[in-house]
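What follows is the residue order along each chain.
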Amino acid sequence: MAFELPKLDYEYDAFGNYISARIMELHYTKHHQTYVDKLNAAVDSAPALQGLSLEELVAGLDKVPEHVRTAVRNMGGGHYNHTLFWQCLHPSSTKSPSGELLEGLEAKYGSFQGFVDEFSTKATGVFGSGWVWLQPDLSIATTPNQDNPLMTGGEEPILGFDVWEHAYYLDYTYNRADYIKAWWEVVDWEKTTERYKVSGS
Ligand SMILES: [Fe+2]
């Protein structure tokens, strides 16, 4: 079955001035849709890949036929990463986690703010296009382009932050720092905590 855009749990204008409706719509209906369409085209041209899940594709790039490997990496990564990204946003964010995840972050980073500062520093430091991840062991990773931790043998991240310019340029032009500040206002900590619990860390 062909891959499809996931349904969003909120409207494009759900994030007020933090992320504009225009960016949400373009990001979802143009950028993410393009990753989905091009991933489907790549899988269509490689029968051995048909029936594999998105996670199996991006975690097993070495088994993907060479003629579509770059497409599966970029488009499969794009689809996986954005699917997680949409689930990391909530219109009425609690602004911080609670329970086990909060305790874990405080233990690792000294305080929740210590975690926010470290994650923000890594987000600022991504050169060009890429992503910042919170992993189940609560370490922070960055990847270039549409790569993600699954591609290097890692586990599924519990939080993913898109720092491509397409995610913020219309609202913030080149001021990635302002976009990073806004992101902390819209993170869905409840779903992130659920992913943390499911990961068993
Ligand atoms: Fe994006």
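Let me sum up the structure you'll find in this document. (Residues numbered from 1 in each chain as written. Predicted model: local features only at pLDDT ≥ 70, side-chain atom pairs only at ≥ 80, totals over all residues. Heavy atoms only, no water.)

Points about the overall build of the chain
So the rule is basically this: Each helix corresponds to a stretch of at least 4 residues labelled H or I by DSSP, and each strand to a stretch of at least 2 residues labelled E; elements are numbered beginning at the N terminus. Each radius of gyration is computed over the set of C-alpha atoms, and the globule rule expresses the reference value as 2.2 Å times the number of residues to the power 0.38. Using a 1.4 Å probe on the protein chains alone, a residue whose accessible area is under 20% of its type maximum counts as buried, one over 50% counts as exposed, and one in between counts as partly exposed. Methods summary: accessible areas were calculated by the Shrake-Rupley approach with a probe of 1.4 Å, and residue burial reflects only the protein chains presented. In this tally Asp and Glu are treated as negative and Lys and Arg as positive; neither His nor the chain ends contributes. In this description, the location of a charge corresponds to atom NZ of lysine, CZ of arginine, CG of aspartate or CD of glutamate.
A count of helices and strands for the chain gives eight helices and three strands. The C-alpha atoms of the chain give a radius of gyration of 17 Å, which matches the 17 Å a tight globule of 201 residues would have. Buried residues in the chain amount to 50% of all 201 residues. Carbon together with sulfur atoms contributes 50% to the accessible area of the chain, which is approximately 9,800 Å² in total. Charge-centre separation for the chain: the mean point of 15 positive side chains lies 4 Å from the mean point of 28 negative side chains.

Thoughts on helix H1 (residues 21-44)
The cut-off we apply is this: Expected helix span is given by 1.5 Å per residue-to-residue step, counting one fewer step than there are residues. The contact definition used throughout considers only heavy atoms, calling two residues in contact when any of these lie within 4.5 Å.
Its 24 residues give H1 an end-to-end C-alpha distance of 33 Å, which sits within 8% of 34 Å, the value for a rise of 1.5 Å per residue. Taken residue by residue, H1 has Ile-23, Met-24, His-27, Tyr-28, His-32, Tyr-35, Val-36, Leu-39, Asn-40, Ala-42 and Val-43 as its buried positions. Of the surrounding elements, those touching the buried residues of H1 are helix H2 (54-59), helix H3 (66-87), strand E3 (159-162) and helix H6 (169-172).

Observations concerning a negative patch on the surface
To keep it simple, the criterion reads: Any residue with relative accessible area above 30% and no salt bridge may belong to a patch, with like charges joined within 9 Å and the nonpolar Val, Leu, Ile, Met, Phe, Trp and Tyr side chains within 5 Å. Each reported salt bridge corresponds to a side-chain nitrogen of Lys or Arg within 4 Å of a carboxyl oxygen of Asp or Glu.
Together, Glu-55, Glu-56, Asp-137, Glu-155 and Glu-156 line one region of the surface with negative charge. Structurally, Glu-155 is set in the loop between strand E2 (140-144) and E3.

Some points on the packing of H1 against H3
Using the following cut-off: Axis lines are fitted through C-alpha atoms, for helices just across the contact stretch, and the angle between N-to-C directions can take any value from 0 to 180 degrees. Each crossing gets its handedness from the near helix: less than a right angle anticlockwise from the far helix is left-handed, clockwise is right-handed. Classification convention: Asp, Glu, Lys, Arg as charged; Ala, Val, Leu, Ile, Met, Phe, Trp, Tyr, Cys, Pro as nonpolar; all other residues, Gly among them, as polar.
Relative to each other, H1 and H3 sit at 145°, their axes nearing to 8 Å. In the crossing of H1 with H3, the sense of the turn from one axis to the other is left-handed. Contact residues: Met-24, His-27, Tyr-28, His-32, Tyr-35, Val-36, Lys-38, Leu-39 and Ala-42 in H1; Val-68, Ala-71, Val-72, Asn-74, Met-75, Gly-76, Gly-78, His-79, His-82, Thr-83, Phe-85 and Trp-86 in H3. Partitioned by chemical class, the residues of the contact of H1 with H3 number 12 nonpolar, eight polar and one charged.

Observations concerning the coordination of the iron ion
Test applied: The donor set covers N, O and S atoms within 2.8 Å of the metal, switching to 3.2 Å for Na, K and Ca, and it leaves out water, so a site may look short of donors. The geometry test gives tetrahedral to four donors whose angles all lie between 85 and 135 degrees, gives square planar to four donors and octahedral to six donors whose opposite members are over 155 degrees apart with all other angles between 65 and 115, and gives irregular to the rest.
Looking at the iron ion, one finds its protein donor set to be His-27 (NE2), His-82 (NE2), Asp-162 (OD) and His-166 (NE2), positioned 1.9 to 2.1 Å from the metal centre. Here the iron ion binds four donor atoms, and the angle range of 92 to 130° at the metal identifies the geometry as tetrahedral. When the donor residues of the iron ion are listed from N- to C-terminus, their spacing reads H-x54-H-x79-D-x3-H. Of this pair, His-27 sits in helix H1 while His-82 sits in helix H3, and the two are 55 residues apart along the sequence. Both residues of the pair, His-27 and His-82, belong to the buried class.

Structural notes on the nonpolar core
Quick reminder of the rule: The definition of a nonpolar core used throughout is a set of buried Ala, Val, Leu, Ile, Met, Phe, Trp, Tyr and Cys residues joined through side-chain atoms within 4.5 Å. Residue ranges for the domains trace back to a domain assignment, done automatically or taken from a database.
Counting 65 residues, the largest nonpolar core has Leu-89, Phe-115, Phe-119, Leu-134, Phe-161, Trp-183 and Trp-184 as the members making the most contacts within it. In terms of residue count, H1 provides more of this core than any other element does, eight residues in total. Composition of this core by domain shows at least three residues from each of domain 1 (21-87) and domain 2 (99-199). Contacts of Phe-119, omitting those with residues within four sequence positions, involve Val-132, Trp-133, Leu-134, Ile-140, Leu-159, Phe-161, Trp-183 and Trp-184.

Points about the layout of surface pockets
Heads up, the condition is: For each structure, a 1 Å grid was placed over the protein atoms alone; sets of points admitting a 1.4 Å probe that cannot get out are labelled cavities, open sets with protein on both sides within 12 Å along at least five of seven lines are labelled pockets, and lining residues have an atom within 4 Å of a point. Grid points are joined across faces, edges and corners, and a volume is the space filled by probe spheres set on the points.
Empty space within the largest pocket amounts to approximately 240 Å³. Taken together, 14 residues line the largest pocket, and the ones lying closest to its centre are Tyr-80, Leu-84, Glu-156, Pro-157 and Arg-195. For the lining of the largest pocket, the element with the most residues is H3, which contributes four residues. Considered class by class, the residues forming the lining of the largest pocket number seven nonpolar, three polar and four charged.

Description of the pairing of E2
As a general feature of sheets, a regular strand has side chains that alternate between the two faces. Short version of the rule: When DSSP finds two or more bridges between a pair of strands, those strands are recorded as paired.
In this structure, strand E1 (residues 130-134) lies alongside E2, joined through five bridges in antiparallel fashion. Following the sheet pairing, Leu-134 is matched in E2 by Ile-140. What sits between the antiparallel neighbours E1 and E2 is a turn of five residues, in which Leu-138 has the positive phi angle 70°.

Considering the environment of Gly-99
Within the secondary structure, Gly-99 sits in helix H4 (residues 99-109). Taking the C-alpha atoms as reference, Gly-99 lies 24 Å from Asp-9; in sequence the two are 90 residues apart.

Some points on the pairing of E3
Judged by which residues are buried, E3 turns out to be covered on both faces: Leu-159 and Phe-161 on one side and Gly-160 and Asp-162 on the other are all buried. As paired elements, E1 and E3 share four bridges and run antiparallel to each other. Paired with Leu-134 across the two strands is Leu-159, which belongs to E3.

By themselves, these figures tell us nothing about what the structure is for.
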